[in-house]
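# Structural characterization, general
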Amino acid sequence: MFFVDTLEFEGLGNRSYLAGGPEAAVVVDPPRDIDQVIAAAARRGVRIAFVAETHVHNDYITGGLELARVTGARYLVPAGAHVSFARTPVADGDTVPVDDGLTLRAIATPGHTPHHTSYVLTEDGRGVAAFTGGSLLIGTVGRPDLVEPRLTEQLARAQHASAHRLAEELDDAVQVLPTHGFGSFCSSSQAEGDATTIGRERRSNDALTLDVDTFVARMLAGLDDVPAYYTHMGPANAAGPAPVDLTPPRRADSEEIASRLAAGEWVVDLRSRMAFAEGHVAGSFNFEGEGKLATYLAWLIPWGKPVTLLADTPERIHAAQRELARVGIDRPAAAATGDPADWVRAGEQLASFPRARFADLAEVRRRGDDVVVLDVRRNTERAGGYIAGSVHIPIHELHGRTGEVPDGTVWVHCAGGMRAAIAASLLDAVGRDVVAVDDGFDAAPDAGLTLVRPDGSENPAGTDSPASTD
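Residues numbered from 1 in each chain as written. Predicted model: local features only at pLDDT ≥ 70, side-chain atom pairs only at ≥ 80, totals over all residues. Heavy atoms only, no water.

### Topic: the overall build of the protein
A tally of regular secondary structure across the protein gives 16 helices and 23 strands. Expressed along its principal axes, the backbone C-alpha trace of the protein runs to roughly 70 × 55 × 35 Å. Put simply, the protein has 470 residues, and 57% of those count as buried. When contacts within the protein are restricted to residue pairs at least 6 apart in sequence, those whose partners lie at least 24 apart make up 67%. Carbon and sulfur atoms make up 48% of the accessible area of the protein, which amounts to about 18,700 Å² in all. The distance from the centre of the 42 positive side-chain charges to the centre of the 66 negative ones in the protein is 2 Å. (Helix = DSSP H or I, 4+ residues; strand = E, 2+ residues; numbered from the N terminus. Buried < 20%, exposed > 50% of the residue type's maximum accessible area, 1.4 Å probe, protein only. Contact = heavy atoms within 4.5 Å. Areas by Shrake-Rupley, 256 points an atom, 1.4 Å probe, with all protein chains shown as cover. Lys, Arg positive; Asp, Glu negative; His and termini not counted. Charge placed at Lys NZ, Arg CZ, Asp CG, Glu CD.)

Structure (structure tokens):
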């Protein structure tokens, strides 16, 4: 009998897998913090015999090299990947024995990257699970534009061909176990659900239901922004990442926090957006620890800028440190926990700003108040409809464009509230009067706000509006 254990990383929208039999197992696309993988193997009572990468990742730092070193496992990496460390190169059709009756077979599935490789676990010669990495995802495929712009269309066509190859070679009942697609920006579109099979994908995945030209045109038209930190992930993974260090950061007092802010460093408050709005260190930024912390902090922060973390508890600091290490933000410069009043020097006060709903925005507009409405959603989201008269600066561009926000009190919104809170903290830090709209965007027309449709027509209050969430 075989098993497959899934390790989920919701912040990045990715998964890793531990799969094998009674004695030995393979780990597919492990995270950088390998301790939890080792713990999962210990719970199963199995030896990690192989560590397999589907590709050189663009969205996180792998723990594969370190996991193989620590466990003595063979490190399987696609032969076409240009890396600077010793590994076992894997080519199309190669097989390795995982346990009695269990074999792992490599299938070349270029598209997400030129060298992308999927792995099929077979039991007594019958395929039972396909680890598809960034190739065939749940209802979609991995995006093809992360390697080189000149290769994007070529790789999109390769994605179509790779999906068809998997569907042709594998039975309908085979589990499809992708690494990306659970909120990851490596997915070419938003995937739905968390489990699938070859048969289900054969019926519903665009890559398997559309002809190649239609599929490529639709995919390329729908590609979203690429997080800025992605440019650092591939080179780090190809060079061979250093082991992760999760020892607690040094404790910062109010003087050190003030000093780091004065030096232009980032002080990041991990508390909820409600708590942050009520009282925070002036100049600090709010990235909720429970949100997509790694994605958005790594996207916005100037790469290599020291970061100090603030949180309610040491546990929250540790969780954030672990998540940030997965994207190469190592060793926070310092950290502080406890009562926010202790984070400011004697005689100084915590800063604050109001939160509101779209109904409140509609009311101030009806009164004729002169306010700025700032939409920080991505371009693809705004294309579905936006509040008439709003200014648009995507959240990932705002830090460098705060000077472009018109004068006046800024009511900032996104799709659900999380990114609006980040944006509000960025604006508050530069001295702007700001109101964070903490509401779902589908509430905007119901509140009486007019939406502009993609064709330029207006969507009157109370009619159907484009739904979106953070």
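### Focus: the sheet that holds strand β12 (residues 266–269)
Taken in spatial order, the four strands line up as β13-β12-β14-β15 in an open sheet, and their pairing is parallel. At either margin of the open sheet sits one strand with a lone partner, and together these are β13 (285–286) and β15 (334–337). Bridge count between β12 and β13: two bridges; the pairing is parallel. In the strand pairing of β13, valine 268 is matched with phenylalanine 285. (Pairing = 2+ DSSP bridges.)

### Regarding helix α12 (residues 358–366)
Think of an α-helix as 3.6 residues a turn; residues three or four steps apart then line up on the same face. Those residues of α12 that sit buried are Phe358, Leu361, Ala362 and Val364. The buried residues of α12 occupy one face: seen down the axis, they fall within an arc of 165°. Close packing links the buried residues of α12 with β17 (371–375), β18 (386–387), β20 (409–413), β21 (434–437) and α16 (443–446). Just downstream of α12 lies glycine 368, where phi reads positive at about 85°. (Arc of directions from axis to C-beta.)

### Regarding the pairing of strand β10 (residues 126–133)
Burial within β10 is extensive, with seven of its eight residues counted as buried. Hairpin geometry of strand β9 (residues 117–123) and β10 is characterised by an intervening segment of two residues between the two adjacent antiparallel strands and by a positive phi of about 50° at aspartate 124. The pairing of β10 with strand β11 (residues 175–178) spans four bridges and is parallel. From the neighbouring strand, alanine 130 faces β11, where its bridge partner is valine 176. Each parallel crossover has a hand, and for β10 linked through helix α3 (residues 152–169) to β11 it is right-handed. (Right-handed = clockwise from strand over helix to strand, strands pointing away.)

### Digging into the nonpolar core
By size, the foremost hydrophobic cluster in this structure holds 53 residues, and its most contacted members are Trp266, Phe287, Leu297, Leu309, Leu374 and Leu398. What leucine 309 contacts, discounting residues up to four positions off in sequence, is Val268, Leu270, Ile317, Ala320, Leu324, Pro332, Ala334, Ala335 and Ala336. (Core = buried A, V, L, I, M, F, W, Y, C linked by side-chain atoms within 4.5 Å.)

### Observations regarding the pairing of strand β5 (residues 74–78)
For β5, the buried fraction is high: four of the five residues fall into the buried class. Where strand β4 (residues 47–52) lies against β5, three bridges are found, and the strand directions are parallel. Along β5, the bridge assignment pairs phenylalanine 50 with arginine 74. Crossover handedness for the path β4 to helix α2 (residues 64–71) to β5: right-handed. Here three bridges tie β5 to strand β6 (residues 88–90), and the two strands are oriented parallel to one another. Following the sheet pairing, valine 77 is matched in β6 by proline 89.

### Considerations on the sheet that holds β21
The five strands are arranged β16-β21-β20-β17-β19 in an open sheet whose pairing can be described as parallel. The open sheet terminates on both sides in strands that have one partner only, identified here as β16 (355–356) and β19 (391–392). Bridge analysis of β17 against β19 gives two bridges, and the strand direction is parallel. Note that in β19 the partner of aspartate 375 across the bridge is histidine 392.

### Looking at the packing of aromatic side chains
Inspection of every chain in the model, using the stated rule, returns nine aromatic pairs. Measuring from ring centre to ring centre gives 4.6 Å for tryptophan 266 and phenylalanine 285, while their planes differ by 70°; the resulting arrangement is edge-to-face. Within this pair, whereas tryptophan 266 is found in strand β12, its partner phenylalanine 285 is found in strand β13, the two being separated by 19 residues in sequence. Ring plane angle 15° and centroid distance 5.9 Å describe the contact between tyrosine 296 and tryptophan 299, whose orientation is recorded as stacked. (Phe/Tyr/Trp six-rings, centres within 6.5 Å; stacked < 30°, edge-to-face > 60°.)

### Looking at the side chain of threonine 109
With respect to the helices, strands and loops of the structure, threonine 109 is situated in the loop between β8 (102–108) and β9. For threonine 109, the side chain forms a polar contact with the side chain of serine 118, separated by 2.9 Å. Not counting chain neighbours up to four residues away, the residues in contact with threonine 109 comprise His116, Thr117, Ser118, Ser135, Ser162 and Leu166. (Polar contact = N/O pair within 3.5 Å; in protein donor to acceptor, adjacent residues only side chain to side chain.)

### As for the environment of threonine 54
Tracing the backbone shows threonine 54 in the loop between β4 and α2. The buried category is assigned to threonine 54, whose relative accessible area is 0%. Along the chain, threonine 54 and serine 162 lie 108 residues apart, while their C-alpha atoms are 13 Å from each other. The contact partners of threonine 54, leaving out residues within four places of it in the chain, are Val28, Asp29, Pro78, His115, His116, Thr117, Tyr119, Phe131, Gly133 and Thr179. Within the structure, threonine 54 has its side chain in polar contact with the side chain of histidine 55 (distance 2.7 Å).

### Quick look at the pattern of salt bridges
Per the counting criterion, the structure on display carries 38 salt bridges. Residue aspartate 439 pairs with arginine 357 through a salt bridge whose shortest N-O separation is 3.3 Å. Note that aspartate 439 is positioned in the loop between β21 and α16 and arginine 357 in the loop between β16 and α12, a separation of 82 residues in sequence. Overall, the relative accessible area of 10% leaves aspartate 439 in the buried class. (Salt bridge = Lys/Arg side-chain N within 4 Å of Asp/Glu carboxyl O.)

### Topic: the packing of α3 against helix α6 (residues 212–222)
In the contact formed by α3 and α6, the axes pass within 9 Å of each other and the chain directions differ by 125°. Judged on the interaxial angle alone, α6 and α3 are oblique. Here the hand of the crossing between α3 and α6 comes out right-handed. Contacts between α3 and α6 pair Thr152, Glu153, Ala156, Arg157, Gln159 and His160 from the former with Val212, Asp213, Phe215, Val216, Met219 and Leu220 from the latter. Among the residues forming the contact of α3 with α6, the class breakdown is six nonpolar, three polar and three charged. (Axes fitted to C-alpha atoms, helices over the stretch in contact; angles between N-to-C directions. Parallel < 35°, antiparallel > 145°, perpendicular 65-115°, else oblique. Left-handed = near helix turned anticlockwise from the far one by under 90°. Nonpolar A, V, L, I, M, F, W, Y, C, P; charged D, E, K, R; others polar.)

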